[in-house]
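Structural description and commentary
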Amino acid sequence: MNANVYHEGEGDLSLIKDKLISIIGYGNQGRAQALNLRDSGLKVIIGNRNDEYKKRAEKDGFETYSIEEAIKKAQIFFFLIPDEIMKELFASEIHPNLKENETLIFASGYNIAFDIISLPPNVDILLIAPRMIGIGVRELYLNKKGFFTFIGVHQDSSGKAKENLIALTKAVGGLIKGAIEVSFKQEAVLDLFNEQGFGPAFGQVLLKSMQTLLDAGYPPEAVLVEMFMSGEMSYTYEKMAQVGLVKQTNFHSQTSQYGSMSRGIKFRSISKEIGKKQKEILEDIESGKFAKEWEAKLSKLKFKFIKFFATRLPFARVEEKVRNNLNIPEYDLFAEIPYPTEDDIKRSKEIEQELKEFEDFYQDL
Ligand code: NDP
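Residues numbered from 1 in each chain as written. Predicted model: local features only at pLDDT ≥ 70, side-chain atom pairs only at ≥ 80, totals over all residues. Heavy atoms only, no water.

**A short note on the pairing of strand E2 (residues 20-24)**
- Of all five residues in E2, four are buried; the element is thus mostly enclosed.
- In this structure, E2 lies alongside strand E3 (residues 43-47), joined through five bridges in parallel fashion. Residue pairing across strands places serine 22 opposite isoleucine 45, the latter belonging to E3.
- At this point the chain moves from E2, through helix H1 (residues 28-39), to the parallel E3, and the crossover so formed is right-handed.
- Where E2 lies against strand E5 (residues 76-79), four bridges are found, and the strand directions are parallel. Note that in E5 the partner of serine 22 across the bridge is phenylalanine 77. (Buried < 20%, exposed > 50% of the residue type's maximum accessible area, 1.4 Å probe, protein only. Helix = DSSP H or I, 4+ residues; strand = E, 2+ residues; numbered from the N terminus. Pairing = 2+ DSSP bridges. Right-handed = clockwise from strand over helix to strand, strands pointing away.)

Structure, rendered in structure tokens:
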């Protein structure tokens, strides 16, 4: 079934122009969406902790408040804080200060879809999730090119949730290119699947391709530039979006087209395997198994170890040398990921075997 898609001609800003909007969190999305909403003629204040982000909001000319005060003052709230801190913040500062028929907007379906946050039945719960990083949300609003947005209504207490949603999406700049209606769960699953079903499979293919060439004796500088450091791939992705997945091949030579189209068949059997693994990953996401795992007591510790192993995979050393030789300033990942502490190691005893598997996996890549 096709989705409902909303465009710029729709959305009535007069429905929301007298309401006060609080942007909670002035980070990547927060700053971009706050500026867009204000430039669309709406009244916007900022709720943030008292630090650098708050100063930036003041410099941008916004009235700023603590999160608690910003919730008490306004009627419409955009929650643009990291997903993983929402549960705690909702319980302490947000939930107790909500009033009937107020409008809560999320930029990610995750916390609602997987019941991590539960909310009162007398508020509207909306989704406005740009498929774009914060800086793009601002730039593409200013140059009127727009960005795709996933939108949805999870709870309609006021009876006007849908009209308000379309109006607010328009004000953010989310109707210029088009807003696609989905449920919170669909948004969350699609996002997680892209990260878990596609990203790692793509990563494995990329690493294996580079290893194949390095093993065959090709110079690392040339291999890395060929495979990703030229930026050609991101350009090709942009063309896929602009003209079409297959049609963009016309931008490449005949030899390139024949080679890639004729060799796909050699990967037919592993492609079936990938499909099977992706189905398992999708089922784990849809059933809430992944969210439960991520919410579990030891998961943040497990993540700390996995990230530590991942940033020390042998390929990282090759890349470090190549970047030096090519004079590409290196950003020292090793300095950023600290060694697990004595206490971390002690606490990780319960998951020791699992962690060993991750360590071996990253060393073998
Ligand atoms: P950022 O990490 O850029 O924003 C962080 C904001 O949250 C800052 O204002 C920060 O302020 C505040 N914050 C962080 N920790 C705390 C805390 N413990 N208590 C109170 N405030 C805190 O987030 P994003 O803009 O990346 O993400 C916001 C939402 O947008 C998320 O739901 C995300 O899933 C969604 N989204 C993000 C996209 C992206 O490209 N980044 C794309 C589409 C959706 P300070 O630390 O100063 O308190």
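From this point on, the discussion continues.
**Focus on the packing of aromatic side chains**
- Scanning all chains against the criterion turns up 13 aromatic pairs.
- Ring centres 6.4 Å apart and planes at 70° place the aromatic pair phenylalanine 106 and phenylalanine 184 in the edge-to-face group. With a gap of 78 residues between them, phenylalanine 106 in strand E6 (residues 103-106) and phenylalanine 184 in helix H8 (residues 184-215) connect regions that are remote in the sequence.
- The class of phenylalanine 106 is buried, set by a relative accessible area of 1%.
- The lysine or arginine in question, lysine 239, covers the ring of phenylalanine 251, its NZ or CZ lying 5.9 Å from the ring centre.
- When the ring centre of tyrosine 339 is taken as origin, the NZ or CZ atom of arginine 312, which lies over that ring, is 4.8 Å away. (Phe/Tyr/Trp six-rings, centres within 6.5 Å; stacked < 30°, edge-to-face > 60°. Lys NZ or Arg CZ within 6 Å of the ring centre and 35° of its normal.)

**Points about the pattern of salt bridges**
- Under the counting rule described, the total for this entry stands at 22 salt bridges.
- Glutamate 68 is paired through a salt bridge with lysine 72; the nearest N and O atoms lie 3.9 Å apart. Separated by four residues within a single helix, glutamate 68 and lysine 72 lie in helix H3 (residues 67-73), roughly one turn from each other.
- Judged by its relative accessible area of 34%, glutamate 68 falls in the partly exposed class.
- Its salt-bridge partner being glutamate 187, residue arginine 131 comes within 2.9 Å of it at the nearest N-O pair. Of this pair, arginine 131 sits in the loop between strand E7 (124-130) and helix H6 (134-142) while glutamate 187 sits in helix H8, placing them 56 residues apart in sequence.
- Taking relative accessible area as the criterion, arginine 131 reaches 28% and is therefore assigned partly exposed.
- Taking relative accessible area as the criterion, glutamate 187 reaches 2% and is therefore assigned buried.
- Beyond isolated ion pairs, a larger network of salt bridges with shared partners links Lys304, Asp343, Asp344 and Arg347. (Salt bridge = Lys/Arg side-chain N within 4 Å of Asp/Glu carboxyl O.)

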